[in-house]
Amino acid sequence: MLKPNKLAKNNFLSSLDLSTNEIIHILELSKNFKNKKLNIDLNNKALGLIFDKSSTRTRVSFQVAMSRLGGITIDLNPTTSQIGRGEPIKDTARVLSRYCDVIAIRTFNHSDLEEYAKWSTKPVINALTDLEHPCQALADFLSIQEEFNDFKDVVLTFIGDGNNVANSLILCGALLGVEVRIACPKGYEPNTSVINKAYEIYKNKNLLKISNDPSKAVLGANVLYTDVWSSMGEENQKAEKDKAFEGFTIDSDLVNKADKDAIILHCLPAYRSKEITDEVFESKKNRIFDQAENRLHAQQALLSCLLS
Ligand code: CP
Ligand code: NVA
């Protein structure tokens with residue numbers, strides 16, 4: 001029977017913390033958790049959740065994942081804990097490591113997440129930073145694998161902001177050898193060091209394409225993916241970004257240029273008539289809610305590996 005394997009790295013801060021084989025293993029475990037073929041009991045292990053930004057999917061999917069694994073979750077709301085009062089990360093991390101077996105953190109600066117990981121003696125999981133959203137990428141590639149069975153010949157086109165979600169898709173895509181095309185307005189390209197790392201990983205360097213042309217990027221694509229134009233923490237840039245992203249809405253014209261069996265993904269929450277039209281969002285091509293469900297199964301798999 002399939003069993004969770006211990007991961008080489010103790011933390012999951014970036015998609016790069018997993019090897020290709022580890023991602024494939026986690027996706028396999030996720031499918032087994034989803035089909036209820038796998039039953040793992042973590043025997044009351046505790047997951048601490050620190051969310052400096054809002055969350056629906058990540059928070060609830062981690063809570064339910066931990067509960068299904070026979071563990072518990074402690075929601076450490078920064079405003080009702082000493083975190084919001086400014087207790088140093090290195091003190092919080094050392095204390096929480098004495099109570100919790102694993103800690104998932106959603107925050108702004110990726111360096112703050114790394115600081116938690118430096119001082120924590122227990123695994124730390126990135127529940128989204130300004131740089132990456134690696135748990136989301138696991139669920140995304142699970143959704144793609146469910147649809148197409150394998151990743152061979154799959155073209156994933158992301159249209160929108162080259163931010164955390166896009167960065168993790170690029171890195172996870174590179175590790176899995178999936179063709180990833182990013183189309184974003186000039187000045188909103190993904191992180192340069194993420195792009196460079198991805199090019200180092202890809203055996204075929206042509207499999208990653210960054211452009212400013214959505215019409216070209218969608219040609220023949222199998223998966224069309226988008227994310228909000230203004231991320232959490234960028235509320236004051238909304239007017240400027242809405243203007244910059246004109247022409248980057250996934251609408252039926254763009255969808256018609258993709259492969260006829262293309263599917264639509266969105267990490268959610270979505271803003272209709274900004275990054276995606278309501279028509280496309282609600283169309284038969286939408287796999288968005290399967291993708292959201294897959295957060296639960298992928299995180300069950302991740303937790304079971306980190307805690308095995
Ligand atoms: N996709 C995602 O991370 O959603 P939440 O912000 O609701 O957690
Ligand atoms: N890029 C978005 C993702 C939300 C899940 C944000 O950071 O707000």
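Structural data are supplied above this passage.
Computed from a predicted model, the values in this text were never measured in an experiment. Every chain begins its residue count from 1, and numbering advances along the sequence as written. Working convention: letters from A go to chains and numbers from 1 go to ligands, in the order in which they are written. Restriction of local features to residues with pLDDT of at least 70 applies here, the model being predicted, together with a cutoff of 80 or more for giving and counting side-chain atom pairs; totals for whole chains, interfaces and linings are based on all residues. Where side-chain values are given, they derive from all heavy atoms of the structure, hydrogens and water being excluded.

(A) Geometry of the overall build of the chain. Helix and strand assignments come from DSSP, with helices taken as H or I runs of at least 4 residues and strands as E runs of at least 2, each series counted from the N terminus. A tally of regular secondary structure across the chain gives twelve helices and nine strands. We take the radius of gyration over the C-alpha atoms and set the globule estimate at 2.2 Å times the residue count to the 0.38 power. The C-alpha radius of gyration computed for the chain amounts to 19 Å, which stays within 12% of the reference 19 Å derived for 308 residues, consistent with globular compactness. Projected onto its principal axes, the C-alpha coordinates of the chain cover approximately 55 × 50 × 35 Å. Counting all 308 residues of the chain, 56% fall into the buried class. For the chain, long-range pairs separated by at least 24 residues make up 75% of all intrachain contacts whose partners lie at least 6 apart in sequence. Only the protein chains shown count as cover for residues, and the accessible areas themselves come from Shrake-Rupley with a 1.4 Å probe. Accessible area of the chain: about 13500 Å², with a carbon and sulfur share of 48%. Charge counting treats Lys and Arg as positive and Asp and Glu as negative, with His and both chain ends excluded. Here the site of a charge means NZ on Lys, CZ on Arg, CG on Asp, or CD on Glu. Positive and negative side-chain charges of the chain, numbering 38 and 40 respectively, have mean locations separated by a distance of 4 Å. Burial classification: accessible surface area is computed with a 1.4 Å probe over protein chains only, and a residue below 20% of its type maximum counts as buried, one above 50% as exposed, and the rest as partly exposed. What makes two residues a contact is simply this: any of their non-hydrogen atoms within 4.5 Å.

(B) Up close: the site of ligand 1. To be near a molecule or strand, a residue needs just one of its heavy atoms within 4 Å of it. Residues in close proximity to ligand 1 include Ser-55, Thr-56, Arg-57, Thr-58, Arg-106, His-133, Gln-136, Cys-267, Leu-268 and Arg-295, which together make up its full environment. We call two N or O atoms a polar contact when they sit within 3.5 Å, provided that within protein one can donate a hydrogen and the other can accept it, with sequence-adjacent residues counted only if both atoms are side-chain atoms. For ligand 1, an oxygen atom lies 2.6 Å from a polar atom in the side chain of Ser-55. In the environment of ligand 1, a nitrogen atom lies 2.9 Å from a nitrogen or oxygen atom belonging to the side chain of Gln-136. Contact with the protein chains hides 95% of the accessible area of ligand 1, taken as 260 Å² for the molecule alone. Using a grid of 1 Å spacing that covers the protein atoms alone, one calls a set of points a cavity when a 1.4 Å probe fits there but cannot get out, and a pocket when the set is open and has protein on both sides within 12 Å along at least five of seven lines; lining residues are those with an atom within 4 Å of a point. If over half the atoms of a molecule are within 2 Å of the grid points of a cavity or pocket, the molecule is regarded as sitting in it. Judged by its atoms lying within 2 Å of the grid points, ligand 1 is housed in the largest pocket. Within the shell around ligand 1, the residues separate by chemical class into two nonpolar, five polar and three charged. Note on residue categories: nonpolar means Ala, Val, Leu, Ile, Met, Phe, Trp, Tyr, Cys or Pro, charged means Asp, Glu, Lys or Arg, and polar means any other residue, Gly included.

(C) Here's a closer look at the sheet that holds strand 8 (residues 223-226). We call two strands paired when DSSP finds no fewer than two bridges between them. What the five strands build is an open sheet, ordered 7-6-5-8-9; its pairing is parallel. Strand pairing shows two members of the sheet lacking a second neighbour, strand 7 (208-211) and strand 9 (263-266), which therefore form its edges. Neighbouring strand axes in the sheet, compared pairwise and without regard to direction, differ in orientation by 20 degrees on average. Pairing of strand 8 with strand 9 involves four bridges; the strand directions are parallel. Paired with Leu-224 across the strands is Ile-264, a residue of strand 9. Here helix 6 (residues 164-176) sits on the sheet in contact with strand 5 (155-159), strand 6 (179-183), strand 7 and strand 8, set at roughly 160 degrees to strand 6. Helix axes are fitted only over the stretch in contact, all axes being lines through C-alpha atoms; the angle between N-to-C directions runs from 0 to 180 degrees.

(D) Structural detail: the site of ligand 2. Around ligand 2, the neighbouring residues are Leu-128, Asn-163, Asn-164, Val-165, Asp-227, Val-228, Ser-231, Met-232 and Leu-268. At 2.7 Å, a side-chain N or O of Asp-227 approaches a nitrogen atom of ligand 2. Met-232 has a polar backbone atom sitting 2.8 Å from an oxygen atom of ligand 2. Here ligand 2, which alone exposes 270 Å², has 95% of that area covered by the protein. In this structure, ligand 2 is accommodated by the largest pocket. For the shell around ligand 2, the residue count by class is five nonpolar, three polar and one charged.

(E) Representation of the layout of surface pockets in the model. Grid points are joined across faces, edges and corners, and a volume is the space filled by probe spheres set on the points. Estimated volume of the largest pocket: approximately 530 Å³. Around the largest pocket sit 28 residues that line it, and Val-228, Ser-230, Met-232, Pro-269 and Tyr-271 are the ones nearest its centre. Among the secondary structure elements, those contributing two or more residues to the lining of the largest pocket are helix 2 (57-68), helix 6 and helix 9 (238-244). Grouping the amino acids of the lining of the largest pocket by side-chain chemistry returns nine nonpolar, nine polar and ten charged.

(F) Just the pattern of salt bridges, in detail. Here, a salt bridge means any Lys or Arg side-chain nitrogen found within 4 Å of an Asp or Glu carboxyl oxygen. Scanning the model with the defined rule gives 17 salt bridges in all. With its nearest N and O atoms 2.8 Å apart, the salt bridge here joins Asp-75 to Arg-59. Note that Asp-75 is positioned in strand 2 (residues 72-75) and Arg-59 in helix 2, a separation of 16 residues in sequence. For Asp-261, the salt bridge is made with Lys-260, and the minimal N-O distance between the two is 3.1 Å. You can call Asp-261 partly exposed: its relative accessible area is 45%. Here Lys-260 falls in the exposed class, since its relative accessible area comes to 67%. Salt bridges sharing partners connect three or more residues here, namely Asp-161, Glu-234 and Lys-241.

(G) Focus on the sheet that holds strand 3 (residues 102-106). The sheet built from four strands is open, its strands ordered 2-1-3-4 with parallel pairing. In this open sheet, the two strands that pair with only one neighbour each are strand 2 and strand 4 (124-126). Recorded for the sheet is a direction-independent mean angle of 25 degrees between the axes of neighbouring strands. Both strand 3 and strand 4 contribute to a ladder of three bridges, which runs parallel. Of the residues in strand 4, the one forming a bridge with Ile-105 is Asn-126. Sitting on the sheet, helix 4 (residues 110-119) is in contact with strand 1 (46-51), strand 3 and strand 4, with an inclination near 165 degrees to strand 4.

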